[in-house]
Amino acid sequence: LLREPLQPQPIGLSLALLIILAGGLVLHGDYPSPKIRLLGGEAKEQAVVFLSQQFDEGTLVASSSPGPVWMAKMKVANLTSTDVPLDRTPEAFVDWLDSQQVQAIFVDQTLSSNNPKLWKLLEAQIGIGLERIFSADQGDIQILQIK
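Attention here is on the structure that accompanies the text.

The rules we used
- Counting of residues starts from 1 at the beginning of each chain's written sequence and follows it residue by residue.
- Residues qualify for local features only when their pLDDT is at least 70, as the model is predicted, and side-chain atom pairs are given and counted only at 80 or more; totals for whole chains, interfaces and linings, by contrast, use all residues.
- As a convention, hydrogens and water are excluded, and side-chain values are obtained from all of the structure's heavy atoms.
- In this scheme, a residue with accessible area under 20% of its type's maximum is buried, one over 50% is exposed, and one in between is partly exposed, where area comes from a 1.4 Å probe on protein chains only.
- Numbering goes from the N terminus for both helices and strands, where a helix is a DSSP run of H or I of at least four residues and a strand is a run of E of at least two.
- By construction, the arc corresponds to the directions joining the helix axis to the C-beta atoms.
- Two residues qualify as a contact provided that any one of their heavy atoms is within 4.5 Å of a heavy atom in the partner residue.

**Quick word on helix H6 (residues 116-123)**
Now for step 1: Where H6 is concerned, the buried positions are Leu118, Trp119, Leu121 and Leu122. Along the axis of H6, the buried positions cluster into a sector of 160°, meaning they face one direction only. Across from the buried face of H6, at angles greater than 90 degrees, the exposed residues are Lys117 and Lys120.
Now for step 2: Packed against the buried residues of H6 are helix H4 (90-99), strand E3 (104-107), helix H5 (109-112), strand E4 (130-136) and strand E5 (141-146).

And the structure:
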């Protein structure tokens with residue numbers, strides 16, 4: 001069997017075809033177009049920036065979600081711990097937080113939705129023993145400061 005040697009294809013033509021194929025997939029394929037993400041656009045990211053601007057590094061912040069507090073370089077007082085005294089009045093609970101040297105409370109849905117008893121204690125003190133100093137995402141993310 002005799003075969004003819006393969007002729008080299010021009011690189012420019014192959015590259016042009018590859019670009020056309022990629023463009024067709026992006027424009028008409030089942031793949032979504034890429035979205036450019038901006039840092040600081042998410043509510044939790046905004047809260048992290050706010051915490052780091054308003055409080056010193058290492059400040060004790062109570063939270064049910066430690067991640068954002070750690071990202072702000074703060075210490076976490078875990079509100080989901082079993083030794084948190086939920087059987088107190090709202091006033092006594094805020095006094096307890098103050099005695100623990102907690103300066104702020106990071107509120108997200110983990111706290112407000114998943115811990116309704118804890119949220120009731122805190123919510124009752126907003127404007128009294130607690131001051132709302134940050135709110136985003138229609139109130140789903142909040143930072144409360146102990147007065």
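**Notes on unusual backbone geometry**
Now for step 1: Backbone geometry at Lys73 places phi at a positive 65°, although glycine is not the residue there.
Now for step 2: Along the chain, Lys73 falls in the loop between helix H3 (66-71) and strand E2 (75-78).
Now for step 3: Since its relative accessible area comes to 53%, Lys73 is described here as exposed.
Now for step 4: The phi dihedral of Gln138 is positive, around 55°, even though this residue is not glycine.
Now for step 5: Mapped onto the secondary structure, Gln138 falls in the loop between E4 and E5.
Now for step 6: Judged by relative accessible area, which is 84%, Gln138 ranks as exposed.

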